[in-house]
Amino acid sequence: MTTHEKHAEEAELHPVKFSRLSKRGILLGLSLAQLIAIGVAIAAFVLGLYTGGQAVLYLGVVWLPALLVAVIRIGGRSLVEWLPIGLAWMWRSLTGQTRYRRRIVKPRPAGTLALPGDAAALRQYVDPETGAVMVHDPHAQMLTVLREITHPSFVLLDPGEQERRVQAWGRVLATGCRSGRIARIQVLERTIPDSGTGLAQWWASHGVDDGSWVATTYKELIDRAGPAGERHVSTLSLSLDMKAAARQIRTAGRGLRGAAAVLKQEMTTLTTALRAADLDASDWFTPGQLTIMLRTAYDPQIAATLDRAGNIGQDLATAGPVAVEERWDRLRSDSAWHAVLWISEWPRSQVFPGFLSPLLLTGGIRRAVTLLYDPIRADVAARDVRKRKTEHISDQAQRRRIGQIEDAEQSAELQDVLQQEADLISGHGILRFTGLVAVSADTGPELDAAVAAIEQAAVQASCETRRLVGQQASAFAAAALPLCRGL
């Protein structure tokens, strides 16, 4: 191979392939809930046979519903798997947990973020050295910090540069697997209404206002079109696992102060990796910046006003919404309706790294796309891969024993496990990732239209989306807030 051919091969953009979402159950493709329901049905039926008479018919009120809820599927799930979601939703509705109203006259505890639901327990800690705000989750024992990321347009780069940036981003994610102290990494890309200040500032610094007809027309166009536009903002959040880093935290001084010291070590490592990937990172967010981001998530219409208001509205004690009402498949907050979609299937065939462009570049829709990465330690990942490999091989032997034909999907899942094992042996890290899309609109009908457009864009990106139900409040906190919240 000549030198020119080697350079051409290096400059070529290589396709990528995602592992399939495993649908293998505990036994013969059945989940634990299905096995329990079928076991109840079999026990009731056998009891009726041994009792004699018409007992089988009488016990039909037990074994028949148990069998039906195990085999009937709706929306990709069996009925027995819908029961926990439905029961939890009914309990939350009866106890008033689906409605939130801020108590104006009753002050909140100092240091809280004024968020609804299970996010009400979050606390803020401002690092005295860097001024960065760190969000502490006392229940999950996580400490989170975030910053804004800017980058050139990926789709406009040449294939060689795209390949280099993809490899560099892979190294950024790999840093989260090495220390074993990172609980989660979140990448959030959202669109927000533009107040027009960015265009006005650009014109003030680069334009030539000589009073001519061209300059006057350009200024009028900026005044009219600027506030009607939208801009994209990307943030990266880093969360420290305080349980895994307990020893280092004790060495650094215990408590939030010690955890902040350990987290700053990870922040330094991440900053170095981002620079190597040619990603421009801002300073770590201050309380005021986080306040604006949280408030505009629940109240998008206030974004342009806050952008022009200077330092007004940057108190974390007032960052949360005034009112939230959760419904089965949507959420209503201060000035918008929201719906959260889960990316349930990533491309099954090989795709190029820019495959999400139809989803990310959809114009005229307020949405937030979140990728949650959960790093897995190398020893835990190796143990999990071996376990899944053994289960797949055991299932194959069981299916051959009973004469069941193995389909192509099961074979493909086994190949994915074998590929993960090979990657792990080669020194790569393994991350569990989740994709969420939060769509916002001013009214309910507009929300339905926006969700339909996002679903179509996901299809063009070779992805499958499902609208989450019965958990929209927690899903919105995970998808639209840069706090590394999970589901």
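Read on for a plain summary of the structure. Computed from a prediction, not measured in an experiment: that's the story for all the values here.

Calculation rules
Residues numbered from 1 in each chain as written. Predicted model: local features only at pLDDT ≥ 70, side-chain atom pairs only at ≥ 80, totals over all residues. Heavy atoms only, no water. Salt bridge = Lys/Arg side-chain N within 4 Å of Asp/Glu carboxyl O. Helix = DSSP H or I, 4+ residues; strand = E, 2+ residues; numbered from the N terminus. Buried < 20%, exposed > 50% of the residue type's maximum accessible area, 1.4 Å probe, protein only. Phe/Tyr/Trp six-rings, centres within 6.5 Å; stacked < 30°, edge-to-face > 60°. Lys NZ or Arg CZ within 6 Å of the ring centre and 35° of its normal. Expected span 1.5 Å × (residues − 1). 1 Å grid on protein atoms, 1.4 Å probe; cavity = no way out; pocket = protein on both sides within 12 Å on 5 of 7 lines; lining within 4 Å. Points joined across faces, edges and corners; volume = space filled by probe spheres on them. Nonpolar A, V, L, I, M, F, W, Y, C, P; charged D, E, K, R; others polar.

Things to note about the pattern of salt bridges
1) Next: For the structure shown, the criterion picks out 20 salt bridges.
2) Next: Here Asp137 makes a salt bridge to Arg485, at a shortest N to O gap of 2.8 Å. Taken together, the residues Asp137 in strand 5 (residues 133-137) and Arg485 in the segment after helix 17 (472-480) connect sequence positions 348 residues apart. Here Asp137 and Arg485 have matching classes, each one buried.
3) Next: Here the salt bridges do not stand alone but share partners, grouping Glu161, Arg164, Arg165 and Asp278 into one network.

Considering the packing of aromatic side chains
1) Next: This model, assessed by the stated rule, comprises 5 aromatic pairs.
2) Next: Considering the side-chain rings of Trp346 and Phe433, the 5.4 Å spacing of their centres and the 65° angle between planes classify their relative orientation as edge-to-face. Pair noted here: Trp346 is in the loop between strand 12 (337-345) and helix 13 (357-360) and Phe433 is in strand 14 (residues 430-441), with a separation of 87 residues, a long-range link.
3) Next: What makes Phe433 partly exposed here is its relative accessible area of 34%.
4) Next: Here the aromatic residues Trp346, Phe355 and Phe433 are joined through ring pairs into a cluster of three or more.
5) Next: Positioned above the aromatic ring of Trp284, the side-chain terminus of Arg147 is 4.1 Å from the ring centre.

Looking at unusual backbone geometry
1) Next: Here Arg254, not a glycine, exhibits a phi torsion of approximately 65°, which is positive.
2) Next: Its identity is not glycine, yet Ser462 carries a phi of approximately 65°, on the positive side.
3) Next: Here Ser462 shows up in the loop between helix 16 (444-460) and strand 15 (464-467).
4) Next: Owing to a relative accessible area of 39%, Ser462 belongs among the partly exposed residues under this scheme.

Overview of helix 10 (residues 255-276)
1) Next: In this model, helix 10 (22 residues) spans 32 Å end to end at C-alpha, consistent with the 32 Å of a helix rising 1.5 Å per residue.
2) Next: Looking at helix 10, one finds that the buried residues are Gly258, Ala259, Ala260, Val262, Leu263, Lys264, Glu266, Met267, Leu270, Thr271, Ala273 and Leu274.
3) Next: Immediately beyond the C-terminal end of helix 10, within one or two residues, lies Asp278, with a positive phi of roughly 60°.

Observations regarding empty space enclosed by the protein
1) Next: With the rule as written, the count across this model stands at 2 cavities of 30 Å³ or more.
2) Next: The calculated volume of the largest cavity comes to roughly 160 Å³.
3) Next: Taken together, 16 residues make up the lining of the largest cavity; nearest its centre are Arg190, Thr191, Thr296, Ala297 and Ser440.
4) Next: Those elements that place two or more of their residues in the lining of the largest cavity are strand 7 (182-193), helix 11 (287-298), strand 13 (366-376), strand 14 and helix 17.
5) Next: Of the residues forming the lining of the largest cavity, the biggest block, 4 residues, is contributed by strand 7.
6) Next: Among the residues forming the lining of the largest cavity, the class breakdown is 9 nonpolar, 4 polar and 3 charged.
7) Next: Space inside the second largest cavity adds up to approximately 30 Å³.
8) Next: Lining the second largest cavity we find Thr175, Gly176, Ile182, Leu238, Glu266, Thr269 and Leu270.
9) Next: Mapped onto the lining of the second largest cavity, the elements with two or more residues apiece are helix 6 (159-178) and helix 10.
10) Next: Of the residues that constitute the lining of the second largest cavity, the class distribution is 3 nonpolar, 3 polar and 1 charged.

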